[in-house]
Structure formats: structure tokens, C-alpha cells
Amino acid sequence: MGKGFFISKAVAVVCVVVAISAVATIIALSVVYAQEKSKNQETPATATTATTAGPGTQTTTPSTPKEPWQHYRLPDSLSPISYNVTLWPRLTPKPDGLYIFSGYSTVLFTCVNETDLILIHSNKLNFTMFDGYHAQLKAVDGASAPQLKKSWLEVPTQYLVIQLSSPMQAGSTYELFTEFVGELADDLGGFYRSEYYEDGVLKILATTQMQPTDARKAFPCFDEPAMKAVFHMTLIHPHGTVALSNSMNYEPINITTPDGLNLIQTSFGPTEIMSTYLLAFVVCDFGFIQSDLGAEVLIRIWARRKAIDEGQGAYALEKTGPILSFFEKYYKIPYPLKKSDQIALPDFSAGAMENWGLITYRETALLYNPAVSSNGDKEWVATVISHELAHMWFGNLVTTKWWNDLWLNEGFATYVSYLGANYTEPDWNMSDLIVLNEIIGVMAVDALASSHPLSSKEADVMRPEDINALFDSITYSKGAAVLRMLSSFITEEVFSNGLSMYLEEFKYKNTVYQDLWKNLQTAVDNAGIQLPHSVEVIMNRWILQMGFPVVTIDTSTGKISQKHFLLNPDSVVDVPSEFNYEWFVPITWIKTGAAKDQYWLLTKEATNPDMTIGASEWLIANIDMKGFYRVNYDSENWDRILTKLSTQHQAIPVINRAQIIDDAFNLARAKIVSTTLALSTTRFLNAELEYMPWQTATRNLDYFVLMFDRSEVYGPMQGYINKKVTPLFKHFKDLTANWTKIPEKHTDQYNQVNALSWGCSTGVEGCKELTTAWFKEWMDNPDNNKISPNLRTTVYCSAIAEGGVVEWDFAWGMYRNATIASEAEKLLYALSCTKQPWLLNRYLEYCLVPTMIRKQDATFTINYIAGNPIGQPLAWDFIRANWDHIFNNYGGGSMSFGRLINGVTKRFSSEFEYKQLLQFKEDNINQLGSAASSLEQALERTKANMDWLALNKKLVFDWFTNEISGTV
């Protein structure tokens, strides 16, 4: 191992202690392992029946818990100080094929309130028994500890319960020792294993994903965000592997077990005080690249050796330092750690995880190969790195007290990730792209009556499944949107100043969202900014009630009004709001292109005489979509906007051109404006070359595709889109010298994909022939793929749709052999584009075979197939037939059930499909998990689709028919 791996040998005393204890450690762990081997087919993760007897043993937790161990929240009687944890993952299976890890842990804690009960989280761990008990307790500083009276595992609430014969004394400190074995499963949660092949050889690595409630699967711990502690980690691992954790490691030492195994023991320096969900450790055979020696912060990028050798980590290394520097300036606080390890894992459920000092990533979120990866892949890497590094301060240094405020952690990191990415890639215009990537999409979700507020009550978020359900687009994207709005009306500089004060006051502590409002208010007052109410009063209406308003401006009178915007106006909002679904709305606006003073709408209705317009004027509100609301106008102003779009569209800011389209289409779905008005906002597209309006139109027309691609409306609709996209197709053909060059502008590279995708799907002359020829050329020479990385997803999909089994099998083979994750992801999507039902059914079956499609990719693949009109009913039949298997084998971190339900049902628009959804809910009422809220949203969305189709089908058919025939 090179010097870069170690803290200096200066900590010699610690190393001596580690060396002395090594033999004892291994003997203990070897005994556990020997015991485990003698259990034959017993599974460590579930074999707890011999030791779970006790008063709390039951299969379900009562709705009104009586005993402390029946509550999902820890009592406040104990507070952890530090953990000393040793773990030994086995990277080879037992004879029965089972992978395990063994370990032991000592937790030092203070008794805050006198108690004779210890509750500590534990899930799927088998414990070594000590005189019939699961643990050993001793007092620190010479005091005597109470004797253990009874211990058991409370499975429903995931506790190790220890009853004592007498109380522990308030103010005293104790140590709890446990020894245990767990399964090193492939479930992507807790301490788990990941697999990959390198040069035909199967490689196994051990890694972690603790957030939100899976640290308890690795070792017993007080597994709540407010239970911060210091962690001392030791990992035992085979020669030829390296161990990583949050802190820098001391120099590893060689050890030999009593049965002759030669291993490495790596111990790590103490972490900063932090929450359990931020702990991480990895044992792997990876390569790395690092920042220059002598750098203030050691930055290392870890990945499969081949990926590192191919330079796939270079972009991440290049950008991590500048992004860290940006956030140091933005927060006005130095990076709190000495190193930042970032590691790309072959199997990882999320995009990335902000473990403090050891950030884990899905490969597509960290690795970039310019020869194969697209500009979208590159943008994803930059924004995800920025998101995770933002957490190093906001979330890690200062942590919210409980998961009900998850929105503040994730919404904030999402918002500022665009600032960090914009800093390191200034030509990309990332501060604008947040509108497309986050805001527009989440408005569709938040316009449902089944949405939820950003901030929930603590009492409503108790169980692990409740917590997991919060990791949704409302939390991330709406959280980002409202913080962006707040930053806009108090200014970015004041926002940054308030954040700095907040982080300085609460570093290494826990907070609630009001603590941030208080510090932002101080910054506002210091800057002399006048607001109509305090920051907290204004923002409470945006975070404590779901949804957002539609603001209607009558430019003939200056009257302004607001109303809770619902995509389905007939849906019933049965969740009351103390604010009666009214908001304090910051309205920015322009009149005939000239910016006007911001106006605050503080009541349901108001009048602003300045918002009246003359005969030749026009008005647009919510400039650059800084506010989280939609805007409607009187019919005369709508007409003037449409005229301006048709005659001089550049006079309207580009984000607002996108906003006009998106607002109009959504207002039409809500029956506030006519569908023909919404469709009319797309007439100017034949003259539009910018990405944001085209992409917004694409998303809204995609809804029409979903609703009509199985009906007679589809033909004239395709004809209309063909007319609009043909000039764009020709523009990019010319700009790229007949598709041989890459456009210089970042968003032009994206819009080129729109031109090609719409061109091929609507039959623009020469498009399908182009993509089919490119794909055939690749098939003829698989080692030389000349298709531009930016265009590959579209080209692969188009060619596979036009082809048959030969094309599909070729793409499948290339997917199986892909060594670059972003390329594999493109093929994974394109394989769903085939029009052959039997191939789609075969593909669905592959989704439940982890050796064919990784568990982390199963949700996405099923949804890709459901996006194909031929595949949608097949996917729906598939998940219904296999729900038991999916729920029981792909739970935890492996699959997003909510995302799966949303994806497979988004096309639903008939009474028959609605009844099928109701039946599915009834059949699986007890095993919906995190999909429960998504199922309610799917039911609501299906009803809205049914109503919309009944009202609009003939009207839309007539409009498209008239447009392509040249009549109005």
C-alpha cells in the first residue's frame, strides 16, 4: 500500500494498542464464525428465534403501544458518546452459499434520566449470548452497573431490549458490549455486498448504505439522527483488499487467526461527532486517483481498477476541489474534515450518499468517460458531486433532529447543487436548468390532492417505511424550489449570510427548521431588507401545507387572485390547512419586456393598478420561474402573449417561454383555460431553437402521447409535431455538418436530441434511415461505436424499435459486456423500445434475476418497459403477478416501490384500469410499504385522466386535424 492510505505513524500508542488487541479480536470473531458454520442452513439475518423470547415478542406492534419497546422512537433516557466497532466481512461464501459478517461493538453512553431499561436498535443480527443475555453492561469510572434481568429482540420495532434488575443512575456513564453475526446480503441496505466481474473473474466487495434506518443492520446502535456520537471503526479484511471508512486509517497490520487465516486489520481515526446514518465503510479491491500531495484536503476517487485505469474518475477529481472551495466560500466555514473519499459502487440503490468523508455513488453518478459518456452524463456527475458535497456542511455538520424535516436537508442540497455545478461549469447555465430538472416536474406531483406538505409532524413519521416514503420528489425538488424562491426574495447574498450563521451556531448539533428561519431573519434584518412578514411566517405557508397557488391576473382591472392549484379540480382535499390553502406570494413581473417592482400578494384577492395594460402592451408574471406558483391571465393578455410568441418570441425571456407552455397545459388539465389555448402555445415552436421551451413542450406533449397513442388522435397529433420539429431537425443537421459535429452550446447538445427523437418518432424524412444505418454500422463492427454519445440513447431506441430479435439480442449482448455504467444505462433503456411483445416479456423476466439485471436497476427497467405502449400492459400484469416476490425480495434499498407504481400506471385513463388499481390496493393492502402514497396518487391521477379524456378527445382530434390541414 502507498503512503496515501495512511495517517502518519505518529499515533504510535494507538497502533500498539491495536496490535495487542488484534489476536483477541480475531479469536473472538473466529469463535463466532465457527458457531455460525455449525448452524448448517440457518440464516444469520433471520435466525433469532432461540433468543427472542420475552414480553415484547410479537408479530405486529399495537396501534396504541403500551410498552417502551413497542414505540418506534427511542426514549430520551440514554445518550451515546462513542462506539468502538470491529467488523469482519467474509468475501467468500459459506458452503451453503451464504455470505456473512461478524463483529463486536462497545457503545459508551450517558444515562440522562434514571432508567432500568436499555433500548438499542438492532435488525437482522444474531447475537452471542453471555450467561443467557444478548449483551454485557459495565459502568465506567469504577462504579457498579446493574445486573441484567432479561433481554430479547423486539423484531417489529427493531430493538435489542435489555431489562435491568435496578436502575442506572442519571449522570453516570456505561458501556454496552455486544458480539454478533449478520448476513452480508445483496439487498443494498446496511452492510451489504456488491458483485462485479473484472477480466472474467467475479469480485466481491462489502459496502454500506445506512440512511435512513439501516445502521442497525450492521451493529447495534442508537439509530436516530439526533443520537450523534464519535465512531472508532476497525475492519478485518483479506490481503489484496483495502478498507475505507469516514476517517483516515492508521497503518494496517497483518494478523493471523487461530485457524491460520492471514488477514489485514485496518483501524481508523475517530470520526467527528455525527449521526449513525452518515457512517460508511467499504472493503474492496479498487484503484484510486488522488489530489496533489500536500493539498489541504486529500481528495481520492475510488472505482473498479479498470475504470480508474481508463481515466473514468478524472472528471470527478478535477471538479471536487473547486466545488469544495465554492462551498467553503458560500458557507464561510472551512471544510470540516481532512479528506474526501468518493467511491463508485457497482451496486447502489440511490444516486449517491453523503457519508461524511466517504461519499458512496452509483457508478453513473461519479464516473465519466468522454469517449462514451454524453453531456447529460457529465452534467449528472457534476450535479450529484455538488449535491453530496453540499451536505458536508448542511446535513452532516448540522443535522436536522428528525426525519420529518428531511426536506430541509435534501431540498437545500438539491438547490445549492446547481450553484456548485454552475460555479465549476459556468458555460452550462445550470442555475436556469434547475427549472427543467426540478421545478416543472415536481409541480405536477404537488398539484395532486394526495400530495403532502414539505414538513410533517414528528408524530406522523415514526416507522422506517414512513421515513422511506419521504424520499420523494416533494422532499427534494419542491424543497429546492421554495428555498430558491426564498433566496430570490431576500437575495442570494443574504441567504448565504444566514446559512453561515446557522451553521456556525449549530455545528455538530441537531436542529429543527425554525432554527434556519431564525438565522435567515437575522441576516435579513442586518441587510435592511423589508419583507411583508417575517421569514418564518412567509415560509410556513409554503412548507406546512401541501400544494401551491395559481395566481390569476386580470390586466384589464389590475385584479390579482390566488387559488390552490389542483390538476383535477374535482378532487377532494381532505387534509385541512391552518392557512386555508392561501400563500404569501412574491410576484415578479414584466410589462411589454420591462421589469417592474416585485409585488406581494398577501390575501386571496388584491388589486394592483400598475398591472393594467394598454392596447399594445402585454404582461408576464413569475419571471424566470423564481416563484413556486402558476400564472393565469385574462383572455386578452393570453392572446397578446400568443401573438408575441408567434411574431417575436425572443422578446420573452427563455425560461418564461417554457413557463408559458407549462402553465397553459397544466391550467388546461385543471379546466381553467381551454386545451386549445394550451396547444396554441406550441405554434411558435417551428421558429424556436432554444432547449428549455422545446423540452417543456416535449414533456407536456408526452402527456398527450400517453393519453392518445392507442387512439385515432395519434395520427394527426404526430403530423402536427412533425411540422413543428422538421425545421429544428434541419437546423441541427446544418449546425452539425450533417450530424458529424457536436454543437458547442451545452443546451444545444440537449436540443439536438429532441430534434432527432421527435424527428424519428414522427417520421421526419431521413431520420429513421439515419439511426438505423448508424446502428447497423455498429453491429457490423461492435468494437468501434461511432455513434455520438449524446445521441446514443435516441439512436439505440429508434433502431431497436424498427428492428427485431437480431437488433435486440445484439444490444443485450453489448449491455452485458459494457464496462462503462453510463453506456450500460443507455442500452438498458433502449432495450425497452422494441415493438415485439415476447421480447418485452422476456425482458421483464430478466428484471427479477439479479445476475441479468442488477437489483438497483430493476425499478427503472420495468418503468422503461411500461413507457412503451406495447409494454405498459405487460409490465402491469407482471408486477401484479409478481408483487409478493418483488415486495419480499426487492425491499429495503433495492427497489423504489413508489417509483414503480407511478411508472407503470402513468398511462392509466379508463374505468377498467381504475378498477384494476383498486383491486391491486385491496389485494396488497398489507404489503404496499413505501408505495402506499404513490398508489393513492395513481388512483387520483387515473381519475383525472379519465375526466380529461372525456372532455378533450374530440376537441384535440379536431384541433390537430385542422392544424395539419392548414385551416384554423
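As recorded by an unreviewed UniProt entry, the chain carries the name Aminopeptidase and is attributed to Pundamilia nyererei. What UniProt states about the chain under its Subcellular location (unreviewed entry) heading is, verbatim, "Cell membrane". Within the UniProt record for the chain, the comment given under Subunit (unreviewed entry) is "Homodimer."

> Sorry, what's going on with the overall build of the chain here?
Within the chain one finds 28 helices and 29 strands. Relative to a compact globule of 968 residues, whose C-alpha radius of gyration would be 30 Å, the chain shows 29 Å and is just as compact. Dimensions of the chain along its principal axes, counting C-alpha atoms only, are 90 × 65 × 60 Å. Relative to its full complement of 968 residues, the chain shows a buried share of 61%. If you take every contact in the chain between residues at least 6 apart in sequence, the share linking residues at least 24 apart comes to 74%.

> What is the right way to look at unusual backbone geometry in this model?
For residues besides glycine, phi is generally negative; the peptide bonds are generally trans as well. Going from Q211 to P212, the amide bond is cis rather than trans, its omega being 0 degrees. For P212, the position within the fold is in the loop between β10 (201-209) and β11 (230-238). If you check the backbone angles, M625 has positive phi at about 50 degrees while not being a glycine. By the secondary structure assignment, M625 is in the loop between β28 (619-621) and β29 (630-633). For A737, which is not glycine, the phi dihedral falls at a positive 50 degrees. One can find A737 in the loop between α16 (714-735) and α17 (746-761). A relative accessible area of 36% places A737 in the partly exposed class.

> It is not clear to me how the domain arrangement of the chain should be interpreted in this structure. Could you clarify?
In many analyses, interface size is given as the accessible surface area lost on bringing the parts together. When its domains are assigned, the chain resolves into domain 1 (70-284), domain 2 (400-544), domain 3 (548-677) and domain 4 (680-965). Each of domain 2 and domain 4 was reduced to a C-alpha centroid, and the two centroids are 31 Å apart. Taken together, the 14 residues of domain 2 in the interface contact twelve residues of domain 4. Regarding the contact of domain 2 and domain 4, the summed buried area is about 1,200 Å², with carbon and sulfur atoms giving 66% of it.

> Explanation requested: the UniProt feature "domain: Aminopeptidase N-like N-terminal" (unreviewed entry) in the chain in the structure shown.
Feature annotation in UniProt places "domain: Aminopeptidase N-like N-terminal" (unreviewed entry) on residues 80-278, given in this structure's numbering. Secondary structure content for residues 80-278 is 0% helix and 53% strand, and the end C-alpha separation is 15 Å.

> Which parts of the structure should I look at to understand the packing of helix α5 (residues 406-424) against helix α8 (residues 473-490)?
Angle between the axes and distance between the axes are the two parameters that describe a pair of packed helices. Where α5 contacts α8, the axes come no closer than 7 Å and their chain directions differ by 70 degrees. As judged from the angle between their axes, α5 and α8 are roughly perpendicular. Considering the relative orientation of α5 and α8, their crossing is right-handed. Within the contact between the two elements, α5 uses L406, W407, E410, G411, F412, T414 and Y415 and α8 uses T475, Y476, G479, A480, V482, L483, R484 and S487.

> I tried to follow the pairing of strand β13 (residues 253-256) on my own but got confused; where do I start?
Along any regular strand the residues' side chains alternate between the sheet's two faces. As paired elements, β13 and strand β14 (residues 262-267) share four bridges and run antiparallel to each other. Counted as the bridge partner of I255 is L263 from β14. Between β13 and the antiparallel strand that follows it, β14, lie five residues; G260 among them carries a positive phi value of about 90 degrees.

> What should I look at first to understand the environment of P370 in this one?
Residue placement: P370 occurs in the loop between β20 (358-362) and α4 (375-391). By relative accessible area, which is 57% here, P370 ends up exposed. Along the sequence, P370 and A944 sit 574 residues apart, while their C-alpha atoms lie 44 Å from each other.

> Looking at this structure, I do not really get the pattern of salt bridges. What am I missing?
As a working rule, side chains carrying opposite charge can pair if their charged atoms are close by. Per the stated rule, a full pass over the model turns up 46 salt bridges. The partner of K203 in a salt bridge is D285, with the nearest N and O atoms 2.8 Å apart. Linking K203 in strand β10 with D285 in the loop between β15 (281-284) and β16 (287-290), this pair joins segments that are 82 residues apart in sequence. The partner of R710 in a salt bridge is D709, and the shortest N-O contact between them spans 4.0 Å. Looking at D709, the relative accessible area reads 14%, which means it is buried. Taken together, the shared-partner salt bridges connect R73, E224, K401 and E458 into one network.

> Where do I start with the packing of aromatic side chains in this structure?
What characterises a pair of aromatic rings is the spacing of the ring centres plus the angle enclosed by the ring planes. Summed over all chains, the structure comprises 66 aromatic pairs. Centre to centre, the rings of W812 and Y843 are 6.3 Å apart; their planes meet at 80 degrees, and the pair counts as edge-to-face. On the criterion of sequence distance, the pair formed by W812 in helix α20 (residues 805-817) and Y843 in helix α22 (residues 837-846) is long-range, its members being 31 residues apart. Exposure remark for Y843: the relative accessible area of 0% places this residue in the buried category. Taking 5.2 Å as the distance between ring centres and 80 degrees as the angle between the ring planes, the aromatic pair formed by W883 and F920 counts as edge-to-face. Here W883 is found in helix α25 (residues 883-889), whereas its partner F920 is found in helix α27 (residues 911-923), with 37 residues between them in sequence. No difference in accessibility class separates W883 from F920, as the two residues are buried.

> What should I look at first to understand the sheet that holds strand β6 (residues 148-154) in this one?
A sheet is described by the order of its strands in space; here three strands give the open sequence β3-β7-β6, paired in antiparallel fashion. Each edge of the sheet is formed by a strand with only one pairing partner; in this case those strands are β3 (115-121) and β6. Within the sheet, the average angular offset between the axes of one strand and its neighbour, ignoring direction, is 20 degrees. Relative to strand β7 (residues 159-168), β6 runs antiparallel, the two being bridged by six bridges. Note that in β7 the partner of L148 across the bridge is L164.

> Explanation requested: the state of the cysteines in the structure shown.
Note: disulfide means a covalent bond formed between the sulfur atoms of two cysteine side chains. Counted according to the given criterion, the structure contains two disulfides. Here C760 connects covalently by a disulfide to C767, the sulfurs 2.1 Å from one another. With the S-S bond torsion at -90 degrees, the cross-link from C760 to C767 turns out left-handed. In this pair, the class of C760 matches that of C767, namely buried. The side chain of C797 participates in a disulfide bridge whose partner is C833; the two sulfur atoms lie 2.0 Å from each other. Of note, the bridge from C797 to C833 carries an S-S torsion of about -105 degrees and is left-handed in sense. Linking C797 in helix α19 (residues 792-802) with C833 in the loop between α21 (821-830) and α22, this pair joins segments that are 36 residues apart in sequence.

> Is there a simple way to explain helix α3 (residues 314-331) in this structure?
Structurally, the α-helix is built with 3.6 residues per turn, so residues lying three or four positions apart point the same way. Along its 18 residues, α3 runs 26 Å from first to last C-alpha, staying within 8% of the 26 Å computed at 1.5 Å per residue. At T320, α3 shows its maximal bend, which comes to roughly 25 degrees, and the proline P322 appears one to four places after that position. Along α3, the residues classified as buried are Y315, A316, K319, T320, I323, L324, F326, F327, Y330 and Y331. Its buried side turned inward, α3 meets β17 (298-303), β18 (339-345), α4, α5 and α9 (492-506). Of the residues flanking the end of α3, it is K332, one or two places downstream, whose phi is positive at about 60 degrees.

> Could you clarify how one ought to interpret the sheet that holds strand β24 (residues 559-564) in this entry?
Either a parallel or an antiparallel arrangement is found when strands of a sheet pair, and the pairing is made through backbone hydrogen bonds. The sheet built from four strands is open, its strands ordered β27-β24-β23-β29 with mixed pairing. Of all the strands in the sheet, just β27 (605-607) and β29 have a single pairing partner and so form its edges. Each adjacent strand pair in this sheet contributes to an overall mean axis angle of 20 degrees, direction not counted. Relative to β24, strand β23 (residues 549-554) runs antiparallel, the two being bridged by six bridges. Paired with T552 across the two strands is S561, which belongs to β24.

What counts, and where the lines are drawn
Residues numbered from 1 in each chain as written. Predicted model: local features only at pLDDT ≥ 70, side-chain atom pairs only at ≥ 80, totals over all residues. Heavy atoms only, no water. UniProt positions renumbered as here; feature names shortened; annotations may be inferred. Helix = DSSP H or I, 4+ residues; strand = E, 2+ residues; numbered from the N terminus. Rg over C-alpha atoms; globule rule 2.2 N^0.38 Å. Buried < 20%, exposed > 50% of the residue type's maximum accessible area, 1.4 Å probe, protein only. Contact = heavy atoms within 4.5 Å. Domains from an automatic or database assignment. Buried area = accessible area lost by both parts, 1.4 Å probe. Axes fitted to C-alpha atoms, helices over the stretch in contact; angles between N-to-C directions. Parallel < 35°, antiparallel > 145°, perpendicular 65-115°, else oblique. Left-handed = near helix turned anticlockwise from the far one by under 90°. Pairing = 2+ DSSP bridges. Salt bridge = Lys/Arg side-chain N within 4 Å of Asp/Glu carboxyl O. Phe/Tyr/Trp six-rings, centres within 6.5 Å; stacked < 30°, edge-to-face > 60°. Disulfide = S-S within 2.5 Å. Expected span 1.5 Å × (residues − 1). Bend = angle between axes of the 7 residues up to and from the residue.

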